Amino acid sequence: MKKVLVVCGNGLGSSMIVEMNVKAILKDMGKEADVSHTDLTTAKTEQADLFLGSEDIVGSLDDGSRNVALLANLMDKNEIREALEQKL
């Protein structure tokens, strides 16, 4: 099963909301994935098939070895859906 990690600065508010949206969108798409959220520091040590979050936070994870999706607007469900369709 694919693993999606939603990342924000502290791993609390925004990443939890995005996690819920990702789960709903994946269900709507008929796809399954293990979705969780975390802070940036922890994310640097985690393994995932997709790291998802805001451009300014998740951009620092983009080292060429990770699959990252940079979101301009964390609350835009259409943008989240497009990122999932392209990256998963």
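Residues numbered from 1 in each chain as written. Predicted model: local features only at pLDDT ≥ 70, side-chain atom pairs only at ≥ 80, totals over all residues. Heavy atoms only, no water.

Peer 1: Just give me the short version of the sheet that holds strand E2 (residues 33–39), but keep the residues and values in it.
Peer 2: Spatially, E2-E1-E3-E4 is the arrangement adopted by the four strands of the open sheet, whose pairing is parallel. Of all strands in the sheet, those bounded by a partner on one side alone are E2 and strand E4 (68–71). Strand-to-strand, the axes of this sheet are offset by a mean angle of 20 degrees, without reference to chain direction. Relative to strand E3 (residues 50–54), strand E1 (residues 2–8) is paired through four bridges, and the arrangement is parallel. (Pairing = 2+ DSSP bridges. Helix = DSSP H or I, 4+ residues; strand = E, 2+ residues; numbered from the N terminus. Axes fitted to C-alpha atoms, helices over the stretch in contact; angles between N-to-C directions.)

Peer 1: Outline helix H4 (residues 77–87), listing residues and values.
Peer 2: Considered for burial, the residues of H4 that qualify are Glu 79, Ile 80, Ala 83 and Leu 84. The buried residues of H4 occupy an angular sector of 135 degrees when projected down its axis, which confines them to one face. Those residues of H4 that are exposed and angled more than 90 degrees off the buried face are Asn 78 and Gln 86. On the buried face of H4, the contacting elements are helix H1 (13–29), E3 and E4. Where H4 begins, one side-chain oxygen reaches toward the backbone nitrogen of Asn 78, 3.0 Å away; that side chain belongs to Asp 76. (Buried < 20%, exposed > 50% of the residue type's maximum accessible area, 1.4 Å probe, protein only. Arc of directions from axis to C-beta. Contact = heavy atoms within 4.5 Å. Polar contact = N/O pair within 3.5 Å; in protein donor to acceptor, adjacent residues only side chain to side chain.)

Peer 1: Provide a residue-level description of the pattern of salt bridges, including the pertinent values.
Peer 2: Scanning the model with the defined rule gives four salt bridges in all. For the salt bridge of Glu 19 with Lys 23, the shortest nitrogen-to-oxygen distance reads 3.0 Å. A residue pair is termed a helical-turn pair when its members lie 3 or 4 positions apart in one helix, as Glu 19 and Lys 23 do in helix H1 at four residues. Glu 19 sits in the buried class, given a relative accessible area of 10%. (Salt bridge = Lys/Arg side-chain N within 4 Å of Asp/Glu carboxyl O.)

In short, geometric facts, not functional conclusions.
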